Amino acid sequence: MRLLQYSESGELSIHSFEEGDIPPYAILSHTWGADRDEVTFADIRTGDGKTKLGYKKILFCGRQAQHDGLQYFWINTCCIDKASKAELAFSIRSMFRWYRNAARCYVYLSDVFSQPLLAAPRHHDARWPFWIWMVSILYTVSGWYSSTMQRYFYSRQVLCTLVGNDVVHSEQTPEITLQKSRWFTRGWTLQELLAPSVVEFFSKEGTKLGDKLSLAKEVREVTGIPCSALQGKPLSGFSVNERISWNEHRTTKIPTDRAYSLMGILGVSLSPFDGESPAEAMKRVTDEAEKQDKCLRDIRQTDPRDDKKRIEDTKGGLLADSYRWVLDNPTFQQWEQRLDSRLLWVKGDPGKGKTMLLCGIIDELHNSMPRSALLSYFFCQATDPCINSATAVLRGLLYMLIHQQPSLMSHVRRKHDHTGKDLFKDANAWVALTGIFADVLQDTGLSKTYLVIDALDECMTDRPKLLRFIAEQSSAASRVKWIVSSRNWPAIEEQLERAEHKTRLSLELNAESVAAAVDVFIQQKVDQLAQEKQYKEELQHAVLQHLKSNANDTFLWVALVCQDLKATPKWNVRKKLAQFPPGLDSLYKQMLQQIIKSDSADVCLQVLAVTAVLYRPVTVAELVVLTEQLADFVNDLDSVREIIGLCGSFLTLRNDTVYFVHQSAKDFLGTEALNKVFPDGKDRVHQDIFAKSLAILHKTLHRDIYNLQALGYRIEDVKPPLPDPLAVSRYPCAYWIDHFCDSIDKIQTHSATNHEHARTTDAFLRQRYLYWLEALSLCSSMAKGIVLMTRLWYLVQGLGDTKVLTGIVYDARRFIMYHKEAIEKYPLQAYASALLFSPADSMTRRLFQHEEPSSIAVKPAISNGWSACLQTLEGHSSYVRSVAFLHDSTWLASASGDRTVKIWDASSGTCLHTLEGHSRDVSSVAFSHDSTWLASASGDRTVKIWDASSGACLSTINVGTGLQYLSFDSTSTLIHTEIGTVTLSTSQITDRVDVTASELQCQGAGLSPDSIWVMRSGSNILWIPSEYRPSCSAVSETHVGMGVGSGRVWLCQVT
């Protein structure tokens, strides 16, 4: 970026700055005059242009910048070399960002005058000279210029000045002139109005008229832009069509620029095309904006800004005095000020106020950081699946970063354009997101960035992966500073210890500061109680002293006690105070004892037990159908809410969803209170939930539950009806098998209870299975359905005498695996394609034969039994060149001409990892014997070694040629190839080994040399149709994996 500067002697010079090193600058917004009048980049380089009319704007901008304490300024006419097409295209793409990052934007209105047009003297109010004198004195003394005073003058539609002893009135009206300025009709000035935070309007004489905040009402009337957009609301908060509408009545000198001037406002980045028509340019920009908008919607799993507000509201608001101590803490200041201090770990015991401390730090960073800096944050919560996984953390952080800097979307779009929303949801999501996030953090256009993650201990899925990623990235990206918080867990400390530029802030080691913050919190809480309950001063003082004496520097303890006192009559407060023991666990014990002694003990304890074993928070309506003791309250949800209120020491309601007040409360019920809450064991609670789940599914599920009618109705077009017939069935749909598996007595596999549950499951699969698959599709849970059926299949095989159940589960699992893709995309295809293309002897097909469409016939007839093909794995976009099994047959790797390697779960068919890095076709893959590594060879003349579990590339070996065959030795330290043996530790190639495809032969399953037959123990047993014959294959015991030229991968099992 080039910036202009006036020296002390008045010499104008131009300087170039790299991204990341750009100093604070002012920027000019103006309307162009004739080309011959504007000062160009060439004029600046040669020192010419001072005689041009446009030079007056340069003088104005430079002087105003100096007045505002800014050394540098930018003007589009002379800071861009328009002779270079590449530079011009880059500037067009960067313009919005340059205006957004400017310290101030000066709008120079060349057609608005602050000096009056002289007219003949006429009668005037004698008070006018006095008022003008007063305004001039105020302006001179304080530099104050009030838009209110402007309106005082403008409301009289007159501008006055003194000529001699007379007041001369202007024949024009400044306010009207401002509104009619040509500047409001030009295309490019729209982004120049919206992008900067500070936009100031100046007349032709350089007199300040106001800014976009003080003149927001006037600007809104002229432009139609909502005041909230002028006041800084993110533009992504407005629809694409609304943002486009702001440009409808604007024009540009070059017709296609009207489309390009919208790019920054719509968050897109495109290069201009020569010969493109205005309509084509507008369509290209709007199409790109819609893709961006869809991608952002797909990224969003939660909006961390909403989570922050919810947390603050739930905890009674953020008290500045309860967190500001950290701003003066030496450890925090070191992290904030030193470039080599990039990761701050805030650690402390439960209830010490870590979350609210981070909320306060976020607010302080937001108010103090530079305009160009980015701030993104995420709050983990163990009980909410939307915010308790490593992928959810990265999605939330990305969502906020892209909201603030839309150009970062390009890193997401590279993969999202091909994969869609599955990029963020399938088993490959973590690998994809870490790659995207790493690219974002290395983006040269990324300014200083702050990333904050709260409650790492409540990240329940893939926490080790997240910690490893944080440690690696905090060491790699110098412009990014991280703050994370968690409990004092050694496992977390061990992972974060790997970071190179880290520091710790222990709340226990800052006990004095935390104690003072807790005292402030206590004072506020007691003041609220005293006001609401009308405590007398003596009682208020007693409560205050008791809380200060027993809080043990724990915010949560104070909050729970005050919550209890809120429901206590003031005449009983002193007695109640004496019952509150110090310490969080002791308080939990005392409050549980209160519940046990109450008249509602049975129902409250069961509500606590059910809530503690559920896999996600549920709504009140869902809780009713899952809890036996609440069966009589189906039509009385208010009573259920009262019961939850009686469990208020442990549970809370938010948006009619039941949550634990804190993760420590749930932990307490599962450990210290285990025998009291689960007297018959957790297995019994799982049994009850399983039974209730199948009961509700039996009652609610039926064909076409959303009345879609059309067999080809796409899942993307489905909108749940109101009321939603699946409202109380969503949890049972997704988790009934999990509860069944957790309810089984693993020791007494032949128990009567186990057999009873087996019969119940058998009946459900026979009567409701197809309807359940439709519901899974409508709930976007088909992939989970495969995992559930696989878990159920492995469980029933160990239950003993359950042959009937084993048969139906086997068939049901094959059914969902084979037809997953069709049902997932088109829910009603469960009754068409899935039935018609299943074997004639399929138990599922026979049980639901009455659901087959009578108007469709398939010829020739489908085979009687399930084929040896378990499933088809689709995802490669080019020829599959090589496949290889992990040695236990659980994973399959495939190499493709699309330059990628994919690792598949051979059981579910889910793509676990997509490995990118080769620059040419990938020709061969092989797993190491210890299953830890995967090697891939490519036409780019390299062999890459990957971590099979994480998908990370560990090393790249240049072998000088493309290889067709790879095979690890038994020690996993050597790789045999057709050109020799590669020693991994040294990357040396020695000892040529003859490697041929004959190695595919084995004593179990295999392929014939001509790949026409599947073999078993050397004998041909299955002829392969021509369209299924492999271009490459791999064998592991009873499994054969085959890659087909179309890009598909087939799995066959021989038993």
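Remember, it's a predicted structure, so these values are computed and weren't measured experimentally.

1. Observations concerning the nonpolar core
Next up, step 1: Counting residues in hydrophobic clusters, the biggest one holds 147 residues, and the most contacted among them are F650, Y769 and W772.
Next up, step 2: Contacts of F650, omitting those with residues within four sequence positions, involve Y588, M591, L592, I595, L608, Y659, F660, V661, A665, F668 and L669.
Next up, step 3: If you look at the next biggest cluster of nonpolar residues, it comprises 72 residues, including I92, V107, L178 and V199.

2. Considering the sheet that holds strand β5 (residues 104–108)
Next up, step 1: One open sheet accounts for 7 strands, arranged β2-β1-β4-β3-β5-β8-β9; its pairing is mixed. Two strands close off the open sheet at either side, each with one partner strand: β2 (12–16) and β9 (208–211). Pairwise comparison of adjacent strand axes, ignoring direction, gives a mean angle of 30 degrees for this sheet.
Next up, step 2: In this structure, β5 lies alongside strand β8 (residues 199–202), joined through 4 bridges in parallel fashion.

3. Notes on the confidence of the model for the protein chain
Next up, step 1: Per-residue pLDDT for the protein chain averages 83, and the proportion of residues at 70 or more is 87%.
Next up, step 2: Confidence over residues 135–176 falls short of pLDDT 50; this stretch has 67 contacts with residues more than four positions distant or in other chains.
Next up, step 3: pLDDT under 50 marks residues 992–1003. Its contacts with residues more than four places away, or in other chains, come to 21 contacts.

4. Some remarks on the side chain of T942
Next up, step 1: Position of T942 relative to the elements: it lies in strand β24 (residues 942–947).
Next up, step 2: Ignoring any residue separated from it by four or fewer positions in sequence, one finds T942 in contact with H918, S936, A937, T956, I957, N958 and V959.

5. Description of helix α31 (residues 663–670)
Next up, step 1: Among the residues of α31, Q663, S664, A665, F668 and L669 are the ones counted as buried.
Next up, step 2: For α31, the secondary structure elements touched by its buried residues are α25 (555–566), α27 (584–597), α28 (601–613), β16 (657–660) and α32 (674–677).

6. Some words on the pattern of salt bridges
Next up, step 1: In total, this model carries 45 salt bridges according to the counting rule given.
Next up, step 2: Two residues, D307 and R310, come together in a salt bridge whose shortest N-O distance is 3.4 Å. Here R310 and D307 lie together in helix α15 (residues 304–314), a separation of 3 residues that amounts to about one turn. Assigned by exposure class, D307 and R310 land together as buried.

7. Some remarks on the environment of R2
Next up, step 1: As for its placement among the helices and strands, R2 is situated in strand β1 (residues 2–6).
Next up, step 2: Ignoring sequence-local partners within four residues, the contact set of R2 consists of I14, H15, S16, F41, W74, C79, I80, D81 and E87.
Next up, step 3: For R2, the side chain forms a polar contact with the main-chain oxygen of C79, separated by 3.4 Å.
Next up, step 4: Within the structure, R2 has its side chain in polar contact with the side chain of E87 (distance 2.4 Å).

Conventions we followed
- Residues numbered from 1 in each chain as written.
- Predicted model: local features only at pLDDT ≥ 70, side-chain atom pairs only at ≥ 80, totals over all residues.
- Heavy atoms only, no water.
- Core = buried A, V, L, I, M, F, W, Y, C linked by side-chain atoms within 4.5 Å.
- Buried < 20%, exposed > 50% of the residue type's maximum accessible area, 1.4 Å probe, protein only.
- Contact = heavy atoms within 4.5 Å.
- Pairing = 2+ DSSP bridges.
- Helix = DSSP H or I, 4+ residues; strand = E, 2+ residues; numbered from the N terminus.
- Axes fitted to C-alpha atoms, helices over the stretch in contact; angles between N-to-C directions.
- pLDDT = per-residue confidence, 0-100.
- Salt bridge = Lys/Arg side-chain N within 4 Å of Asp/Glu carboxyl O.
- Polar contact = N/O pair within 3.5 Å; in protein donor to acceptor, adjacent residues only side chain to side chain.

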